[in-house]
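Examining the three-dimensional arrangement
The residues making up each chain are set out below.
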Amino acid sequence: RLIIFGGATALEGDGPSGSTSGIRLAGATSDVHSFDVRSGVWTKLDPTGEGPSPRAAHSAAAVGNMVVVQGGIGPAGLASEDLHVLDL
């Protein structure tokens, strides 16, 4: 299965032709979704406990039944010094 955490929900601004320098994050989510690659079905997961704040442009890696989420940027700004583990 594929696990997706967070991501941008809205971008605003525009950059000069072909540039993204004027684009900034206007919204982010902390939703967790699972995609079953065999059946092609998406499922929204509801983890318990305190999860990561909404963010995009973060790093995540699966380790067994866990997903480790680090860094990114969200409505509260840069989240470069935190590390969260989602135990699935």
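Let me begin by describing the structure that accompanies this report. (Residues numbered from 1 in each chain as written. Predicted model: local features only at pLDDT ≥ 70, side-chain atom pairs only at ≥ 80, totals over all residues. Heavy atoms only, no water.)

As a further point, take the sheet that holds strand S8 (residues 83-87). Taken together, the three strands give an open sheet; going across it, the order is S4-S5-S8, and neighbouring strands pair in antiparallel fashion. Strands with a single pairing partner mark the edges of an open sheet, and in this sheet they are strand S4 (59-63) and S8. Pairwise comparison of adjacent strand axes, ignoring direction, gives a mean angle of 20° for this sheet. Two elements, strand S5 (residues 66-70) and S8, share five bridges in a ladder whose sense is antiparallel. Paired with Met66 across the strands is Asp87, a residue of S8. (Pairing = 2+ DSSP bridges. Helix = DSSP H or I, 4+ residues; strand = E, 2+ residues; numbered from the N terminus. Axes fitted to C-alpha atoms, helices over the stretch in contact; angles between N-to-C directions.)

By the definition in use, this model includes one aromatic pair. Between Phe35 and Trp42, the ring centres sit 4.8 Å apart and the planes meet at 45°, which makes this aromatic pair tilted. (Phe/Tyr/Trp six-rings, centres within 6.5 Å; stacked < 30°, edge-to-face > 60°.)

What is shown is where atoms sit, not what they do.
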